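# Coordinate analysis (summary)
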Amino acid sequence: MKADLLLHGVHVATLDTDEGYGELHDAAIAIADGRIAWLGPARERPAQLQAQQVLDLGGGWLTPGLIDCHTHLVWAGSRAAEIERRWQGASYEEIARAGGGIVSTVAATRAASEAQLLEAAAPRLLALRGEGVTTVEIKSGYGLEVAAELRLLRVARELGRRHGVQVRTTFLGAHALPPEYRGQADAYVDEVCHRMLPAVHAEGLADAVDAYCEGIGFSPAQTRRVFEAAQALGLPVKLHADQLSDLGGAALAAEYHALSADHIEYSSPASIEAMARAGTVAVLLPGAYYCLREQRRPPVDALRARRVPMAVSTDCNPGTSPCTSLLLMLHMACTLFGLTPAEALAGVTRHAAQALGLQQRTGRLRVGLDADLAWWAIDHPRDLVCQFGFNPLRASWRQGQLLVRHPN
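Starting afresh in each chain, residues are numbered from 1 along the sequence in its written order. In view of the model being predicted, local features appear only for residues whose pLDDT reaches at least 70, and side-chain atom pairs are presented and counted only at 80 or more, with totals across whole chains, interfaces and linings using the full set of residues. The side-chain values count all of the structure's non-hydrogen atoms but skip hydrogen atoms and water molecules.

Per the convention used, a helix needs a DSSP run of H or I reaching at least four residues, while a strand needs a run of E reaching at least two, with both numbered from the N terminus. In terms of regular secondary structure, the protein chain is built from 15 helices and 16 strands. The reference for a compact globule is 2.2 Å times residues^0.38; the radius of gyration itself is calculated from the C-alpha atoms. Whereas a compact globule of 408 residues would reach a radius of gyration of roughly 22 Å, the protein chain reaches 21 Å, a difference of no more than 12%. Throughout this description, buried means an accessible area under 20% of the type-specific maximum (1.4 Å probe, protein chains only), exposed means over 50%, and partly exposed covers the range between. Within the protein chain, buried positions represent 60% of all 408 residues. When checking whether two residues touch, look at their non-hydrogen atoms; a contact exists if any pair is within 4.5 Å. Residue pairs at least 24 apart in sequence account for 72% of intrachain contacts in the protein chain once pairs closer than 6 positions are excluded. Surface accessibility follows the Shrake-Rupley procedure with a 1.4 Å probe radius. Residue values consider only the protein chains on display as shielding. When the accessible surface of the protein chain is split by element, carbon and sulfur atoms take 49% of a total near 15400 Å².

Pairing between side chains of opposite charge can happen when their charged atoms approach one another. A side-chain nitrogen of Lys or Arg and a carboxyl oxygen of Asp or Glu constitute a salt bridge if their distance falls within 4 Å. One pass over the full model with this rule turns up 27 salt bridges. Here Glu158 makes a salt bridge to Arg162, at a shortest N to O gap of 2.9 Å. One end of the pair, Glu158, and the other, Arg162, are both in helix H5 (residues 146-163), four residues apart, so they sit about a helical turn from each other. Given the relative accessible area of 23%, Glu158 is considered partly exposed. Of the charged contacts in the structure, one is a salt bridge between Arg225 and Asp186, with a shortest N-O distance of 3.6 Å. Within this pair, whereas Arg225 is found in helix H7 (residues 220-232), its partner Asp186 is found in helix H6 (residues 185-202), the two being separated by 39 residues in sequence. Note on Asp186: relative accessible area 45%, which makes it partly exposed. Bridged by salt links that share partners, the residues Arg35, Arg361, Asp370, Asp372 and Arg398 form one connected network.

What follows covers the environment of Asp383. Assignment of secondary structure puts Asp383 in helix H15 (residues 383-386). With 156 residues separating them in the primary sequence, Asp383 and Phe227 have C-alpha atoms 40 Å apart. Any pair of nitrogen or oxygen atoms within 3.5 Å is treated as a polar contact; in protein, a donor-acceptor pairing is required on top of that, and neighbouring residues in sequence qualify only through side-chain atoms on both sides. Among the polar contacts listed, one links the side chain of Asp383 to the backbone nitrogen of Asp379, at a separation of 3.0 Å.

This paragraph deals with unusual backbone geometry. The phi torsion at Leu15 lies on the positive side, around 55°, for a residue other than glycine. Relative to the elements of secondary structure, Leu15 occurs in the loop between strand E1 (2-13) and strand E2 (23-32). On the basis of relative accessibility, which here comes to 0%, the residue Leu15 falls in the buried class. The backbone phi angle of His257 is positive, close to 50°, even though this residue is not glycine. Counting through the fold element by element, His257 comes out in the loop between helix H8 (249-255) and strand E11 (260-263).

On to the sheet that holds strand E7 (residues 133-139). Across the sheet, eight strands lie side by side as E6-E7-E8-E9-E10-E11-E12-E13; this open sheet has parallel pairing. Unpaired on one side and paired on the other, strand E6 (66-68) and strand E13 (310-312) mark the two borders of the sheet. For this sheet, the mean inter-axis angle between neighbouring strands, taken without regard to orientation, is 25°. Looking at chain direction, E11 and strand E12 (residues 281-284) are connected through three bridges and run parallel. Paired with Asp262 across the two strands is Val283, which belongs to E12. Strands pair, by our definition, only if DSSP identifies at least two bridges between them. As a rule, the C-alpha atoms of each element are fitted with a line to give its axis, helices using only the stretch in contact, and angles between N-to-C directions run from 0 to 180 degrees.

The nonpolar side chains of a soluble globular protein tend to be buried, and buried together. Counting 105 residues, the largest nonpolar core has Val74, Leu159, Phe171 and Leu339 as the members making the most contacts within it. The element that contributes the greatest number of residues to this core is helix H12 (residues 326-337), accounting for eight residues. Taken domain by domain, this core gets at least three of its residues from each of domain 1 (2-64 + 362-405) and domain 2 (66-355). The residues contacting Val74, other than those within four sequence positions of it, are Leu117, Ala121, Arg124, Ile138, Tyr142, Leu152, Val155, Ala156 and Leu159. What is meant by a nonpolar core is a set of buried Ala, Val, Leu, Ile, Met, Phe, Trp, Tyr and Cys residues, joined one to another through side-chain atoms within 4.5 Å. Among the nonpolar cores identified, the runner-up in size contains 17 residues, and Leu5, Ile29, Leu62 and Ala371 belong to it. For the domains described, the bounds stem from an automatic or database domain assignment.

Our next topic: the UniProt feature "binding site: N-formimidoyl-L-glutamate" (unreviewed entry) in the protein chain. UniProt positions are given in the numbering used here, feature names are shortened, and annotations may be inferred rather than shown by experiment. Annotation from UniProt places "binding site: N-formimidoyl-L-glutamate" (unreviewed entry) at Tyr142, Asn317 and Gly319. These annotated residues cover 178 residues of sequence, but their C-alpha atoms sit close together, with the largest distance between any two at 11.9 Å. Tracing the backbone shows Tyr142 in the loop between E7 and H5. With respect to the helices, strands and loops of the structure, Asn317 is situated in the loop between E13 and H12. When its relative accessible area of 4% is taken as the criterion, Asn317 is described as buried. Dropping the residues within four chain positions of it, Asn317 is found in contact with His72, Trp75, Tyr142 and Pro322.

In terms of domain boundaries, the protein chain breaks down into domain 1 (2-64 + 362-405) and domain 2 (66-355). Each of domain 1 and domain 2 has a C-alpha centre, and the two are 30 Å apart. Domain 1 puts 31 residues into the contact, and the matching count from domain 2 is 27 residues. When two parts are put together, the accessible area they lose, computed with a 1.4 Å probe and summed over both, is reported as buried area. Across the domain 1 to domain 2 interface the summed buried area is about 2100 Å²; carbon plus sulfur atoms make up 65%. Inspection of the region where domain 1 meets domain 2 yields zero salt bridges. Here domain 1 is connected to domain 2 by nine residue pairs in polar contact (both at pLDDT 80 or more). The dominant element in the side of domain 1 that touches domain 2, judged by the number of residues it contributes, is strand E15 (residues 393-398), at four residues. For the side of domain 1 that touches domain 2, the per-class residue count stands at 17 nonpolar, eight polar and six charged. Under the scheme applied here, ten amino acids are nonpolar (Ala, Val, Leu, Ile, Met, Phe, Trp, Tyr, Cys and Pro), four are charged (Asp, Glu, Lys and Arg), and all others, including Gly, are polar.

So, in structure tokens, the structure goes:
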């Protein structure tokens, strides 16, 4: 057996288990052609296993590379003044209805060139990459017209190519109603379904389609139209669901076998049951919950009882979760939402992979999957969750290629 790289002298948390971390002590992992070729206790390493490069890591833990499965990473402009207004008492809904919120970012983003968007977004991606993230989902939704939406998705793809991170792109044309369609939501949904989505699909720029189903977004009936247009093109769907109210968004997502329903603070028991039957992942976004000072927590106990997979993500965006630390989200998921450390870590690895339809490629350490790895200077995997404001990453690999190396 020949390998390109053999890592040893390290403990491994495979996250390839329904409970716990999947701990292997004093382990080794062999990588060939970008995939895991062998994994197990070092003492059981096959005698015939030879590698071109052998690294003794000298301690610490290997985990799967982290996955940020819900971001709006590409935008222009700032919403700091809006955040300040919320701190002074204005609600998110009040700001949005007054022309702020998403629409204010749309104006700045439409005016930006691809080069300007790349320059603005790169530091955000690099911050995530520097914390062990090897896969990122990036949504559009700040263009809300054909040319601008295409530009956002091209920038997202280019970010991945330039910086070595796997980027999955999601078309979010139904994110908000643009000013030119004020009072014409159904007409705008026609534009999304019949012009924008076909153009995005023709260029192969979307891996999935999302929508914002909410009182200040789009109705369930309008969302259904977007989903039907997406599925007619063979694209999977996901949904911003039940963040501010219960419109049955999570159940609607499940009806279309969505990859995920995200936010879900107000999702009902019936919606949770529907998600369980459909295999739809619940994506928890503690950064937005924290930033908006929400009081209604996602129904974690119900999700746990029905064995709905729970992913955790930054929701990196300019107005409601301007966060580029997935490690901080691990801590918040436990502190604010009541996840266990093992659940939180699964939420940024195997369950996050499932939320992107990548569970057969990444998110776990198993022979045959992509060699997406993160090496941490920690005593136990729970340390990644229990600490915050500290980055113990030593190195990361994407498909066996060194992505980040921090000084010891």
